[in-house]
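Observations on the model geometry
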Amino acid sequence: QVAGPAREILGDHPRIFLTEPLDYLDMVTALRRSHLVLTDSGGIQEEAPTFGVPVLVLRDATERPEGLEAGVARLVGTDRRRILGSAQEVLKASGPSVERGSFPNPYGDGRAGERIADIVTAALTGQPRDTTDWAGA
């Protein structure tokens, strides 16, 4: 229900790339090169802010309200005019003068693995931790 109309409306646009689902590394590469993400995927809502990419959520509700509260995601629903208007607004606001990633990522800072290893090492050796807990966005 989505792929057909998306291809019909957006398929010939030179700056829009419609793809089949990507593996993780390809997805990360795509996000790093994106200026805006339109998605209904909860996982993408969490990943895009890591790369400083604003997200328009093509749903009426999301199970990831942290992104909305932090301003890294916006619920726009499925109305064509609302989606287009929101996309134009975000792209104009995130021009060359706006630093990518200048907004907080409510999902973490990418150092969870390092902290987990540090906590385990400290617990097993009795040595103090080298890392501090994430303070949040």
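Cut-offs used in this document
- Residues numbered from 1 in each chain as written.
- Predicted model: local features only at pLDDT ≥ 70, side-chain atom pairs only at ≥ 80, totals over all residues.
- Heavy atoms only, no water.
- Helix = DSSP H or I, 4+ residues; strand = E, 2+ residues; numbered from the N terminus.
- Buried < 20%, exposed > 50% of the residue type's maximum accessible area, 1.4 Å probe, protein only.
- Polar contact = N/O pair within 3.5 Å; in protein donor to acceptor, adjacent residues only side chain to side chain.
- Contact = heavy atoms within 4.5 Å.
- 1 Å grid on protein atoms, 1.4 Å probe; cavity = no way out; pocket = protein on both sides within 12 Å on 5 of 7 lines; lining within 4 Å.
- Points joined across faces, edges and corners; volume = space filled by probe spheres on them.
- Nonpolar A, V, L, I, M, F, W, Y, C, P; charged D, E, K, R; others polar.
- Core = buried A, V, L, I, M, F, W, Y, C linked by side-chain atoms within 4.5 Å.

A look at the side chain of R64
Relative to the helices and strands, R64 resides in the loop between β2 (55-57) and α4 (65-70). With a relative accessible area of 17%, R64 lands in the buried category. Among the polar contacts made by the side chain of R64, one reaches the side chain of E46 at a distance of 2.6 Å. With residues near it in sequence (within four places) discarded, R64 still touches G42, G43, Q45, E46 and Y107.

Some thoughts on the layout of surface pockets
Space inside the largest pocket adds up to approximately 2,300 Å³. In terms of lining residues, the largest pocket is bounded by 40 residues, among which L10, I16, F17, L18 and L38 are the most central. Among the secondary structure elements, those contributing two or more residues to the lining of the largest pocket are α1 (3-10), α2 (24-32), β1 (37-39) and α5 (80-93). Looking at the lining of the largest pocket residue by residue, the classes come out as 23 nonpolar, 10 polar and seven charged.

Details of the nonpolar core
By size, the foremost hydrophobic cluster in this structure holds 11 residues: M27, V28, L31, V37, I44, A48, F51, V53, V55, V57 and A73. Of all the elements in the fold, those that place two or more residues in this core are α2 and β2. Per-element accounting of this core gives the leading share, three residues, to α2. Counting six residues, the second-largest nonpolar core is a separate cluster that includes L56, V76, A87 and V90.

Function cannot be inferred from these measures alone, as they are strictly geometric.
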